[in-house]
Structures are given as structure tokens and as C-alpha cells.
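A closer look at the structure
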Amino acid sequence: VVPILRRARADGVPIVLEGNPAPGMQTVVAICDYDTGYLAGVAAGEALGADAEGVRVMNVGLPLLSATILRSRGFMDGLQTVIPSAEMVHDLDGGGNPDRSQEVSAAALAADSDIDVIYGINDSSALGALQAWRAAGLPEDDLMVVGTGAEGLAFLNEMLTEGPFQLEAAMFPEKIGFTAIDTAVALYNGEEVPEYVISPTTALTLDEVFSYYSYDGESREIQWDAVNALEAPEQCMMYASDL
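Quick caveat, the model's predicted, so the values are computed rather than measured. Note on numbering: residues in each chain are counted from 1, in written sequence order. A pLDDT threshold of at least 70 governs which residues receive local features in this predicted model, and a stricter bar of 80 or more applies before side-chain atom pairs are shown or counted, although totals over entire chains, interfaces and linings include all residues. Side-chain calculation: all heavy atoms of the structure are included, whereas hydrogens and water are not.

Before going further, it helps to examine the state of the cysteines. Cysteine sulfur atoms are paired as a disulfide whenever they come within 2.5 Å of each other. With the rule as written, the count across this model stands at one disulfide. What pairs with Cys32 in a disulfide is Cys236, and their sulfur atoms sit 2.0 Å apart. Judged by the sign of its S-S torsion, about -80 degrees, the cystine formed by Cys32 and Cys236 is left-handed. Residue Cys32 is located in the loop between strand E2 (27-30) and helix H2 (33-48), and its partner Cys236 is located in the segment after helix H9 (224-228); the two are separated by 204 residues in the primary sequence. For each residue, the accessible area found with a 1.4 Å probe, counting protein chains only, is set against the maximum for its type, and the residue is called buried under 20%, exposed over 50%, and partly exposed in between. The exposure class assigned to Cys236 is buried, which follows from its relative accessible area of 9%. A run of H or I in DSSP counts as a helix once it spans at least four residues, and a run of E counts as a strand once it spans at least two, with each numbered from the N terminus.

To continue, consider the sheet that holds strand E8 (residues 196-198). Spatial strand order, E1-E2-E8: three strands in an open sheet with parallel pairing. For this open sheet the edge positions go to strand E1 (16-18) and E8, each flanked by a neighbour on one side alone. Between one strand axis and the next, the sheet turns by 25 degrees as a mean value, whatever way the strands run. Strand pairing is assigned whenever DSSP detects at least two bridges linking the two strands. In the sheet, E1 pairs with E2 via three bridges, with the strands oriented parallel. Bridge pairing in E2 links Glu18 to Val29. Across the face of the sheet, helix H7 (residues 173-188) comes into contact with E1, E2 and E8 while running at roughly 160 degrees to E2. Between N-to-C directions, angles cover 0 to 180 degrees, with each direction set by a line fitted to C-alpha atoms, over the stretch in contact for helices. By definition, residues are in contact when any of their heavy atoms lie within 4.5 Å.

Time to look at the packing of aromatic side chains. To describe a pair of aromatic rings, you give the distance between the ring centres and the angle between the ring planes. Note on aromatic contacts: the rings of Phe and Tyr and the six-membered ring of Trp form a pair at centre separations within 6.5 Å, being stacked when their planes are under 30 degrees apart, edge-to-face when over 60 apart, and tilted otherwise. Applying the stated criterion across every chain yields a total of six aromatic pairs. Between the aromatic rings of Phe178 and Trp224, the centroid separation amounts to 5.7 Å while the plane-to-plane angle is 55 degrees, which identifies the pairing as tilted. Taken as a pair, Phe178 in helix H7 and Trp224 in helix H9 lie far apart in primary sequence, 46 residues in all. Phe178 gets classed as exposed once you look at its relative accessible area, which sits at 52%. Since its relative accessible area comes to 31%, Trp224 is described here as partly exposed. What links up through ring pairs into an aromatic cluster is the set Phe172, Tyr212 and Tyr213. Residue placement shows Arg220 over the ring face of Tyr213; its charged tip is 4.3 Å from the ring centre. Lysine NZ or arginine CZ positioned within 6 Å of the ring centre and within 35 degrees of the ring normal marks a charge as sitting over the ring.

The rule for a salt bridge is simple: a side-chain nitrogen of Lys or Arg has to be within 4 Å of a carboxyl oxygen of Asp or Glu. Inspection of every chain in the model, using the stated rule, returns eight salt bridges. Measuring nitrogen to oxygen at the nearest pair gives 2.8 Å for the salt bridge that ties Arg71 to Asp33. Of this pair, Arg71 sits in helix H3 (residues 66-82) while Asp33 sits in helix H2, and the two are 38 residues apart along the sequence. Arg71 sits in the buried class, given a relative accessible area of 10%. Classification of Asp33 by relative accessible area gives buried; the value is 3%. Among the charged side chains, a salt-bridge network with shared partners connects Arg56, Glu87, Asp112 and Asp114.

Here we come to helix H5 (residues 123-135). Taking 1.5 Å per residue, 13 residues should reach 18 Å; H5 reaches 18 Å between its end C-alpha atoms and fits that length. Listed in full, the buried residues belonging to H5 are Asp123, Ser125, Ala126, Leu127, Gly128, Ala129, Leu130, Ala132 and Trp133. Buried residues along H5 sit in contact with strand E3 (56-61), helix H4 (98-111), strand E5 (117-120), strand E6 (144-149), helix H6 (154-160) and strand E7 (165-170). Note on H5: the residue one or two positions beyond its end, Gly137, has a positive phi of about 70 degrees. In a helix, the anticipated span is given by 1.5 Å times the number of residues less one.

Right under this line is the structure:
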């Protein structure tokens, strides 16, 4: 996007980025990626129990983007605040899509399947890794899967099975989209906006998901009052520039 940003600046056209900052940007609407991973890691540690030992994590990441690097780092830091002995055994590049995530996860599990937690930087990554786990015929009783995003219906369907997919670091894409358009309108009207417009996130269990989304098995509906009641931090714990 850097050439586009340069051209837009030369033409005096404001641009709102979403998700990832880029040199020359005016503003970006995004979650605090590190914080999102961190809160999910803390929630995972609390669910596993502070007395848990030797917790081994498979991270299905996306090292191409600073945002997803921050999520993975935040998850491990959050988990280790509750379970200091937790370790990342596999650090994978799942490409952010389910097919690639399944492929690299299958190879990693063939080498070492002694894993307690799968963390995905988005839902496609988490779900692809879970498919690899199932294809390998591994037991699910003691596995925890943590997704990120709250994208689409797949994560909801998986959580409803009450299987290993137990936590969702919800980003509320509808909220981000709404905020991005709001920010674009503000820029168009000549208003000043901050460089980083932060959108809220929270880690959700199955019981908590349905406070924020209604779901009839075919479509979902965001519960705006609940999502709008979430407070975004004034500042992120860590930014891409801190990497």
C-alpha cells in the first residue's frame, strides 16, 4: 500500500488503513494486536489452571505482518503470566488461510504431537490446525484451541460442539468496519483524527460469545449494545514499532 499512500498524499486524498500500519499513513483503524493475544493467553492460562505444568503450544502464525506477530507474542506472554513454564513448541507460518495452516500443522504434528494448546492468529489458522489434528487421529480431550477474530460462522459452529475450540479472541469485524467508515467520514469533513484509532477486543468463552452475537445456525447478528459497551484502551501495550 505504500505507493498508494504516496500518490494519495500527493493528490491530497485522505486514506484510512485497516489492521496494519504502513509508512506514510495518515490513520489506521485497528485492534491492539498484542493486547488481544495477551488477554487470550491470560484467559487460556486461567482455563488450564495456574497449577498446570509443561503446557506446550503450537502457534499457527503469519510472520509476514507485524499485527499477527504481535498477537502471537502477546498470547505467549499472557499465558506465561499464569503458567510460567508454558513453552512454544511449534511456531508456524500458516499464511492466514486454512489450507496452508492445515498443511504446516500436519507436518509439525508428525514431528511432535505433544501439544496442549493451539493458538491461531485468525480463525482460519486455528481451524486449519484443528483439522490437521483430527486428520492425524489425535485425542481431543486435553487439547485447547484458541482462535482470533470472530470471523464468519465456522468458529461459532466449532465452539458449539463443545470440543477443543474453547476460546475466541474476538475482534468484532463489524465494529471495525463501522469505525473505519466513521473515520473516513471524519477525514472527508476535515476533522482531525488520531494516528491510531483503536477498536475494542475481548477473549470469549462459549457462554460469553452469545452475549455479543445472536446465532440461529444460518446467520449471526452482532449485539451492538454489548459490543459498544466494551472500552478500547487509550494506548496499546505494544505497537509494531516496538518489535
